[in-house]
Amino acid sequence: MSRRRRNSSFSAGQGQDPGKDLFAYLFLLMMVFVFVLLMTLHQVQAEADMTEAPKTAQPQGSSTLKNLKQNQFGTLVKEDGQLVLRFGDESFNPQQDLERLLASSYLMTDQDESGQPRKTLYLDAKQQQSVLLSEYLSSFQALNRAGINVAFAERMGE
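Keep in mind the model is a prediction, meaning the values are calculated, not measured.

Enquirer: Help me understand the environment of Ser-138, please; the structure alone is not making it clear to me.
Expert: If you trace the backbone, Ser-138 turns up in helix 4 (residues 133-145). Assessed through its relative accessible area of 34%, Ser-138 is described here as partly exposed.

Enquirer: I tried to follow the pairing of strand 5 (residues 117-124) on my own but got confused; where do I start?
Expert: The side chains of a regular strand alternate, first on one face of the sheet and then on the other. Sheet analysis places strand 1 (residues 73-79) next to strand 5, joined by two bridges and oriented parallel. The partner of Phe-73 across the bridge, within strand 5, is Tyr-122. Where strand 4 (residues 108-111) lies against strand 5, four bridges are found, and the strand directions are antiparallel. Across the sheet, the residue bridging to Gln-111 is Pro-117, located in strand 5. Between strand 4 and strand 5, which pair antiparallel in sequence order, lie five residues; one of them, Gly-115, sits at a positive phi of approximately 90°.

Enquirer: How should I be thinking about the side chain of Ser-104 in this particular structure?
Expert: Inspection of the secondary structure puts Ser-104 in the loop between helix 3 (98-103) and strand 4. Within the structure, Ser-104 has its side chain in polar contact with the backbone nitrogen of Tyr-106 (distance 3.5 Å).

Enquirer: Quick question: what am I supposed to make of helix 4 here?
Expert: Note on helix geometry: an α-helix contains 3.6 residues per turn, so any two residues three or four positions apart are oriented the same way. Taking 1.5 Å of rise per residue, 13 residues should cover 18 Å, and helix 4 covers 18 Å from first to last C-alpha, within 8% of that figure. In helix 4, a bend of some 30° at Ser-139 exceeds every other bend along the element. Within helix 4 the residues assigned to the buried category are Glu-135, Tyr-136, Ser-139, Phe-140, Ala-142 and Leu-143. Packing partners of the buried residues in helix 4 comprise strand 1, strand 2 (82-87), helix 3, strand 5 and strand 6 (148-153). Two residues or fewer past helix 4, Gly-147 is found with a positive phi of approximately 85°.

Enquirer: Can you help me understand the pairing of strand 2 in this one?
Expert: Of the pairings in the sheet, the one linking strand 1 to strand 2 comprises five bridges and is antiparallel in character. Within strand 2, the position partnered with Leu-76 by the bridge is Leu-85. In this antiparallel pair of consecutive strands, strand 1 and strand 2, the connection spans two residues, and Asp-80 shows a positive phi of 55°. Following strand 2, the chain reverses through two residues before pairing antiparallel with strand 3 (residues 90-92); Gly-88 in that reversal takes a positive phi of roughly 65°.

Enquirer: Quick question: what am I supposed to make of the packing of aromatic side chains here?
Expert: How two aromatic rings sit relative to each other is given by the distance of their centres and the angle of their planes. In the structure shown here, the tally under the stated rule is three aromatic pairs. An angle of 70° between the planes, with centres 6.1 Å apart, marks the rings of Phe-87 and Phe-92 as edge-to-face. A relative accessible area of 1% means that Phe-92 is categorised as buried. Geometrically, the ring pair formed by Phe-87 and Tyr-106 is stacked, given 4.4 Å between the ring centres and 5° between the ring planes. Taken as a pair, Phe-87 in strand 2 and Tyr-106 in the loop between helix 3 and strand 4 lie far apart in primary sequence, 19 residues in all. Exposure remark for Phe-87: the relative accessible area of 3% places this residue in the buried category. For Tyr-106, a relative accessible area of 11% translates into the label buried.

Enquirer: Could you clarify how one ought to interpret the pattern of salt bridges in this entry?
Expert: Pairing is possible between side chains of opposite charge, provided their charged atoms come close. In the structure shown here, the tally under the stated rule is three salt bridges. Among the ionic pairs, Glu-90 bridges to Arg-100, the shortest N-O distance being 3.4 Å. On the criterion of sequence distance, the pair formed by Glu-90 in strand 3 and Arg-100 in helix 3 is long-range, its members being 10 residues apart. Using a relative accessible area of 31% as the deciding quantity, one classes Glu-90 as partly exposed. Given the relative accessible area of 39%, Arg-100 is considered partly exposed. A salt bridge links Arg-100 to Asp-97, with the nearest nitrogen and oxygen atoms 3.4 Å apart.

Definitions and cut-offs
Residues numbered from 1 in each chain as written. Predicted model: local features only at pLDDT ≥ 70, side-chain atom pairs only at ≥ 80, totals over all residues. Heavy atoms only, no water. Helix = DSSP H or I, 4+ residues; strand = E, 2+ residues; numbered from the N terminus. Buried < 20%, exposed > 50% of the residue type's maximum accessible area, 1.4 Å probe, protein only. Pairing = 2+ DSSP bridges. Polar contact = N/O pair within 3.5 Å; in protein donor to acceptor, adjacent residues only side chain to side chain. Expected span 1.5 Å × (residues − 1). Bend = angle between axes of the 7 residues up to and from the residue. Contact = heavy atoms within 4.5 Å. Phe/Tyr/Trp six-rings, centres within 6.5 Å; stacked < 30°, edge-to-face > 60°. Salt bridge = Lys/Arg side-chain N within 4 Å of Asp/Glu carboxyl O.

Following this line, the structure appears as structure tokens:
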């Protein structure tokens, strides 16, 4: 019988585990923290839903479609290691033939937002030959200095 009493008193002492209480407190604390966090996010979301976008009557930007004549649509071609602008049978080196290009009918002139005239050169966006970025930059630097914008476009109906 003494054995039984010793075992029963020993097992009753195991029921008092302080780790269980600590775990329960931490669990409750975590649940309260999550509840407060969810309520805060719900309030922020409700405020964001009530925010309205600004209303403007004027259209944003301009149309991306442009009506070009066939001879005003150029391509980029590499000839003799240099990037050349080709319009039909006529070729222009952007660094050397600026005066000839400015006098040609290949440039489109329109007005920007401030009413100033703007010259734009439209080139084929589907480049057949691979061209390095440095080649683009060196070739179009002279065009930019002359006030000529370069736009890459795709032909419609092909």
